[in-house]
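If you want the building blocks of each chain, they are given just below.
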Amino acid sequence: FGTPNGVAGGASFFCGNGLHPVAKLTHGTWFLEPDIDHCNYLILDGTQSGFVANHLPMDLAERMRKARERGMKLVVIDPIETNAGKSADEWIPIVPGTDAQLALAMANVLVNELGIFDTEFLKRHTNGTYLIGEDGRYVRDRDGGKPRVWDERRPGAGAFDAVGWESQALEGQYVVDGQACAPAFQKVKEHLESYTPESAAKICGVPAGTIRRIAKEFGEAAAIGSTLEV
């Protein structure tokens, strides 16, 4: 997937082939667990992690207590007002099995309406800059067969490992060797456009205004570009 991390094989238990490869490829670790100690806005979607549930239940509960005391906002999305939901700053009920619609609508708001995304991470650690042709495949280098990116400084197309990440285009429409193409991230943006908060609201039962608000709050709390010393 273009990240500096790698993962192979799988696990025999239910979460292994879904959860762990995603975690490994995204941030190089085995677990997906909220960084309760440092985050300022936490969304729990269909989980009571931090409320005497999941693995390390007492440790996470204590950390959750400390995070709430220092001001971390907690939003719980769940069809049932669970213990986590009734203890949260905000409980958002949702139609069972429609979490993906809500997540895609939030992604659309963040990416297309608000323009909140981590440009440096996308350029340095994903294939978001790789050019996609009209056939849906990578536009490759003629010699080495490597995926090509658009160099905004030159300008022109070049192999992904020959163009500095800073000048690789994430958005736009280009023509390479007579073929219309666009960066993968541009394709993602266009795909997300159909997942509007209004259409999601009809499916998942969460009001469009609520979807936009929590997406905005979540994106702003991410503080993209800031650093933290640990």
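A brief structural summary. Because the structure is a prediction, the values reported are computed rather than measured.

**Observations regarding the sheet that holds strand S3 (residues 90-92)**
Read across the sheet, 3 strands follow the order S1-S2-S3 without closing on themselves; strand pairing throughout is parallel. Edge positions in the sheet fall to strand S1 (41-45) and S3, since each of these pairs with one other strand and no more. Averaged over all pairs of adjacent strands, the angle between their axes in this sheet comes to 20°, without regard to strand direction. Inspection of the sheet shows strand S2 (residues 73-77) paired to S3 by 3 bridges, in the parallel sense. Residue pairing for S3: Val75 is matched across the bridge by Glu90.

**Some details on the sheet that holds strand S4 (residues 131-133)**
Read from one edge to the other, the open sheet built from 3 strands follows the order S4-S8-S7, with strand pairing classed as antiparallel. Each end of this open sheet is capped by a strand with a single partner; those strands are S4 and strand S7 (174-176). The mean inter-strand angle of the sheet, taken between neighbouring strand axes irrespective of direction, is 45°. Pairing analysis gives 3 bridges linking S4 to strand S8 (residues 179-183), with the strands arranged antiparallel. Bridging across to S8, Gly133 finds its partner in Cys181.

**Comments concerning the pairing of S2**
Summarising burial for S2: 4 of the 5 residues are buried, a large majority. Alignment of S1 against S2, held across 5 bridges, turns out to be parallel. Across the sheet, Leu44 pairs through a bridge with Val76, a residue of S2. The handedness of the S1 to S2 crossover, carried by helix H2 (residues 57-69), is right-handed.

**Points about the pairing of strand S6 (residues 156-159)**
Relative to S6, strand S5 (residues 148-151) runs antiparallel, the two being bridged by 4 bridges. Bridge pairing in S6 places Val149 opposite Gly158.

Conventions used here
Residues numbered from 1 in each chain as written. Predicted model: local features only at pLDDT ≥ 70, side-chain atom pairs only at ≥ 80, totals over all residues. Heavy atoms only, no water. Pairing = 2+ DSSP bridges. Helix = DSSP H or I, 4+ residues; strand = E, 2+ residues; numbered from the N terminus. Axes fitted to C-alpha atoms, helices over the stretch in contact; angles between N-to-C directions. Buried < 20%, exposed > 50% of the residue type's maximum accessible area, 1.4 Å probe, protein only. Right-handed = clockwise from strand over helix to strand, strands pointing away.

That's the geometry; what it means functionally is another story.
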